[in-house]
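Coordinate analysis (summary)
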Amino acid sequence: MSEADLDKHASKMAKKKAARDKMMEKKIDEKGLVVVHTGKGKGKSSSAFGMALRCVGHGFKVGVIQFIKGAWDTAERRVFEGFPDLVTFKAMGEGFTWETQDKERDIQAAQKAWAAAKEMIDSGDYRMVILDEINVAMRYDYVDEAEVIETLTHRPDMVHVVLTGRHASETLLDCADLATEMTLVKHPFRSGIKAQPGVEF
């Protein structure tokens, strides 16, 4: 780059920084957030667990409730079990309905998971509570969405709640402070490659 180009770039970046600094001066509040990860793409739970690791890195307590995948032996669970003072990890699902083939049992498992999740949220003891695959449980009416939203609305001030799973409703998205939709572009499963350790679990 020429010296003129470098000067032009430096001037542009200085203006950008000044505008950013001015914007950040107005953003002083902190509060617990409702975060929703949804969509058909991969990475919803992985993103939530990445946020959990950030909390652990800051010494904050994290609660994790798995609504569907509880029957799986996941690497995330093994890692978080290494932080027993900071992480409470409850794998309470029994797999997907096509695996259990018992809808009533699935509903009971989801209700039990929600009771544990609500207790975690209401306690105020956790900086972050992750409700993994709860969106799926709400879509199938295994968990009452109105009750979930009521709990989110009246939770203690500094509790972040992360809800994952496909098919988040518009009502839930309206309640969220941060919502991300994972878009499926390409997946190895469609090419005949099964789920692999270190990638999917």
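Residues numbered from 1 in each chain as written. Predicted model: local features only at pLDDT ≥ 70, side-chain atom pairs only at ≥ 80, totals over all residues. Heavy atoms only, no water.

There is a patch of nonpolar side chains on the surface, built from L53, V79 and F83 and spanning about 250 Å² of accessible area. Along the chain, L53 falls in helix α2 (residues 44-57). (Patch = residues over 30% accessible without salt bridge, like charges linked within 9 Å, V, L, I, M, F, W, Y side chains within 5 Å. Areas by Shrake-Rupley, 256 points an atom, 1.4 Å probe, with all protein chains shown as cover. Salt bridge = Lys/Arg side-chain N within 4 Å of Asp/Glu carboxyl O. Helix = DSSP H or I, 4+ residues; strand = E, 2+ residues; numbered from the N terminus.)

Take the pairing of strand β1 (residues 34-38) next. Counting buried residues in β1 gives 5 out of 5 residues, a clear majority hidden from the surface. Along β1, one buried face is formed by V34, V36 and T38 and the opposite face, lined by V35 and H37, is buried too. Where β1 lies against strand β5 (residues 160-164), 4 bridges are found, and the strand directions are parallel. Bridge pairing links V35 to V162 in β5. Where β1 meets strand β6 (residues 178-181), 4 bridges bridge the pair, whose relative direction is parallel. By the bridge assignment for β6, V35 is matched with L178. (Buried < 20%, exposed > 50% of the residue type's maximum accessible area, 1.4 Å probe, protein only. Pairing = 2+ DSSP bridges.)

With that out of the way, let us pick up helix α7 (residues 145-153). Buried residues of α7: V148, I149, T151 and L152, and no others. Burial along α7 is one-sided: seen end-on, the buried residues are contained in an arc of 160 degrees. Opposite the buried face of α7, by more than 90 degrees, sit the exposed residues A146 and T153. For α7, the secondary structure elements touched by its buried residues are β1, α5 (103-123), α6 (134-139), β5 and α8 (170-175). (Arc of directions from axis to C-beta. Contact = heavy atoms within 4.5 Å.)

Membership of the largest hydrophobic core comes to 30 residues, with the highest contact counts inside it found for I65, F67, L131 and L163. Elements with a contribution of two residues or more to this core: β1, α5, β4 (128-132), α6, α7 and β5. Broken down by element, the residue count for this core peaks at 7 residues, all from α5. Apart from the residues lying within four places of it in its own chain, the contact partners of I65 are K90, M92, A113, A116, A117, M120, I130, L131 and D132. C55, V64, F80 and F89 belong to the second largest nonpolar core, which has 15 residues in total. (Core = buried A, V, L, I, M, F, W, Y, C linked by side-chain atoms within 4.5 Å.)

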